[in-house]
Amino acid sequence: MLLMKCGFLHQTFITTIVLLSTFCKDSNSQFGLKIPGFTINVTTRVTVQRNLCVHIPCTFQIPSIYTLPSNAQGAWLKFNNLQHNVVARKDGLDDPQDKYPRFFLTGEVWKGDCSLRISDAKAEDDSLYTFRLEDRGVPYSFAEVSPKVTVTDLTDTPEISTTGTLVAGERVTLTCTSPGRCAGEAPKITWEGATVRKAMVHRYTIYYGDGTRTYHSNLTFSPSIKDNMEKLLCIVTFTDNLSSKSEIVELEVEDAPPKSTTVCSSMDSKLIAGIIIGNIIILLLAGLGLLFFIKRHMKNAGNRPHESKPQGNESAYQDLHGQSIHTYEKITMK
Ligand SMILES: *[C@@H]1O[C@H](CO)[C@@H](O)[C@H](O)[C@H]1NC(C)=O
Ligand SMILES: *[C@@H]1O[C@H](CO)[C@@H](O)[C@H](O)[C@H]1NC(C)=O
């Protein structure tokens, strides 16, 4: 009887949720209606610079009476006035990158992961976003937390690898790295400066496991002494023609040292090493000699028990006497 009552309550609960969620499919997000058991963990505020990207970690829970199938669908919606448009959807069928190239639902929906990535952020992305679970069994908009994405001006700049002092005639490679680690379109990287004319430019991309990448450009050249104090910078231009300049690098080039100097300095170091080793050997020998001397002294002292209690002048004489013997022994030993 109790079991039946519980079963009935359970049934009613499910029916209520299903009815509510079906009824609210389009309105619960708008009115922020919350059904118990449905929760979402996501930040409320995100800031991204124009042309860069942002990853928004997100997880959600549904009442434990539901289990999501492995092809569970979900979508992120963007609010424009009272409208909401899907910007990213994962349905396991279409490649979401094709329809919504800059928004990507990175999370596995059936595991309760609703993480979102925005690439190449544009001014119009500045908005509120809501995650909607679109599984047939439990359609539900998690409208109680809608992250607000704020798009700011691009302030990050490309960076040129540090150079140090360059040596005339020695080939060098400087690397310019575009800001951000994104999944969007590759920006254009250009170099400016007198040195660029004689340089080789090689651009490349580094791919990371999570689908993001960084963009780089190598500038390879052999500096001459005339390049000293030359200025160099790199400029990254994004797909919307907005660009960002690196800090200006001033080249520091010095003459290559003459060959003889190199030989001389290497000989110097050998000489120093030789002196150090020689000193160590001398010290070792001196130490051994001292040890030998002490050993002998102790042996002699033990051999003369009748002299162990010297007094007054006699003792001074005996000490002196002993010393002279040792000195003599040492000399003969050598
Ligand atoms: C670019 O330059 C860096 C630094 O010299 C070097 O490690 C890297 O291999 C270069 N990459 C390419 C693709 O030339
Ligand atoms: C960027 O500039 C180029 C020429 O400078 C132009 O052809 C292109 O249409 C511009 N793109 C945008 C998105 O404004």
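*Asks:* Would you mind going over the side chain of serine 246 with me for this structure?
*Replies:* Here serine 246 is to be found in the loop between β19 (243-245) and β20 (249-250). Every residue in contact with serine 246, bar those within four places of it in the chain, is listed here: Thr157, Pro158, Ile160, Leu233 and Cys234.

*Asks:* How should the nonpolar core be read in this particular structure?
*Replies:* Soluble globular proteins: nonpolar side chains tend toward being buried together. Formed by 33 residues in total, the largest nonpolar core has its most connected members in Ile40, Phe60, Trp76, Phe131, Leu133 and Phe142. The dominant element in this core, judged by the number of residues it contributes, is strand β9 (residues 127-134), at three residues. Leu52, Leu154, Ile189 and Val249 belong to the second-largest nonpolar core, a separate cluster that totals 22 residues.

*Asks:* Would you mind going over the pattern of salt bridges with me for this structure?
*Replies:* Under the counting rule described, the total for this entry stands at eight salt bridges. Measuring nitrogen to oxygen at the nearest pair gives 2.5 Å for the salt bridge that ties aspartate 227 to lysine 198. Placement of aspartate 227 in the loop between β17 (213-221) and β18 (231-237) and of lysine 198 in the loop between β15 (188-192) and β16 (200-207) is noted, with a sequence separation of 29 residues between them. Residue aspartate 227 is classed as buried on the basis of its relative accessible area of 7%.

*Asks:* Looking at this structure, how should I read a nonpolar patch on the surface?
*Replies:* Judged by side-chain polarity, Leu285, Leu288 and Leu291 come together as a nonpolar surface patch covering roughly 340 Å² of accessible area. Mapped onto the elements of the fold, leucine 291 is located in helix α4 (residues 259-303).

*Asks:* What is the right way to read the site of ligand 1 from this model?
*Replies:* Taken together, the neighbourhood of ligand 1 is formed by Thr173, Thr175, His202, Tyr204 and Asn218. For ligand 1, the protein covers 43% of the area, taking 360 Å² as the surface of the free molecule. Put simply, the parts of the chain that give the shell around ligand 1 at least two residues each are β14 (172-177) and β16. Its residues assigned to classes, the shell around ligand 1 comprises one nonpolar, four polar and no charged.

*Asks:* Honestly, the side chain of arginine 117 in this entry has me stumped. Any pointers?
*Replies:* Within the fold, arginine 117 resides in strand β8 (residues 116-118). Of the side chains with opposite charge, aspartate 210 lies nearest to the buried arginine 117, which makes no salt bridge, at 5.2 Å. When neighbours within four sequence positions are excluded, arginine 117 is seen to be in contact with Val54, His55, Arg102, Phe103, Phe104, Thr106, Ala183, Asp210, Gly211 and Thr212.

*Asks:* Is there a simple way to think about the sheet that holds β16 in this case?
*Replies:* Neighbouring strands of a sheet are bound in pairs by backbone hydrogen bonds; such pairs are parallel or else antiparallel. The strand order across the open sheet formed by four strands is β12-β14-β17-β16, and the pairing between neighbours is antiparallel. Every interior strand has two partners, whereas the edge strands, β12 (159-160) and β16, have only one. As judged from the two bridges shared by β12 and β14, these two strands associate in the antiparallel manner. Among the inter-strand pairings, isoleucine 160 is bridged to a residue of β14, identified as cysteine 176.

*Asks:* Just checking my understanding: could you explain empty space enclosed by the protein for this structure?
*Replies:* Using a probe with the size of a water molecule, rolled over the atoms, empty space left in the structure can be pinpointed. Using the criterion set out here, one finds two cavities of 30 Å³ or more in the structure. By volume, the largest cavity amounts to about 70 Å³. Residue lining of the largest cavity: 13 residues in total, with Pro179, Cys182, Pro187, Tyr215 and Phe238 positioned closest to the centre. Split into classes, the residues belonging to the lining of the largest cavity amount to six nonpolar, three polar and four charged. When residues of the lining of the largest cavity are assigned to domains, at least three map to each of domain 1 (27-152) and domain 2 (159-254).

*Asks:* Help me understand the pairing of β16 in this model?
*Replies:* As a general feature of sheets, a regular strand has side chains that alternate between the two faces. Bridge analysis of β16 against β17 gives eight bridges, and the strand direction is antiparallel. Looking at the pairing, tyrosine 204 lines up with histidine 216 of β17. Here β16 hands over to β17 after five residues, with glycine 211 in that stretch at a positive phi of 90 degrees.

*Asks:* When you look at the pairing of β18 in this model, what are you seeing that I'm missing?
*Replies:* Most of β18 is tucked away: six of the seven residues are buried. Across five bridges, β15 lies against β18 in antiparallel orientation. Bridge pairing in β18 links lysine 188 to threonine 237. Strand direction decides the pairing type here: β18 and β20, joined by two bridges, are antiparallel. Looking at the pairing, leucine 232 lines up with valine 249 of β20. Direction of pairing for β18 relative to β19: antiparallel, over a ladder of three bridges. Residue pairing across strands places valine 236 opposite serine 244, the latter belonging to β19. Between β18 and β19, which pair antiparallel and follow one another directly, the connecting turn spans five residues, one of which, asparagine 241, has a positive phi of 70 degrees.

Analysis parameters
Residues numbered from 1 in each chain as written. Chains lettered and ligands numbered in written order. Predicted model: local features only at pLDDT ≥ 70, side-chain atom pairs only at ≥ 80, totals over all residues. Heavy atoms only, no water. Helix = DSSP H or I, 4+ residues; strand = E, 2+ residues; numbered from the N terminus. Contact = heavy atoms within 4.5 Å. Core = buried A, V, L, I, M, F, W, Y, C linked by side-chain atoms within 4.5 Å. Buried < 20%, exposed > 50% of the residue type's maximum accessible area, 1.4 Å probe, protein only. Salt bridge = Lys/Arg side-chain N within 4 Å of Asp/Glu carboxyl O. Patch = residues over 30% accessible without salt bridge, like charges linked within 9 Å, V, L, I, M, F, W, Y side chains within 5 Å. Areas by Shrake-Rupley, 256 points an atom, 1.4 Å probe, with all protein chains shown as cover. Near = heavy atom within 4 Å. Nonpolar A, V, L, I, M, F, W, Y, C, P; charged D, E, K, R; others polar. Lys, Arg positive; Asp, Glu negative; His and termini not counted. Pairing = 2+ DSSP bridges. 1 Å grid on protein atoms, 1.4 Å probe; cavity = no way out; pocket = protein on both sides within 12 Å on 5 of 7 lines; lining within 4 Å. Points joined across faces, edges and corners; volume = space filled by probe spheres on them. Domains from an automatic or database assignment.

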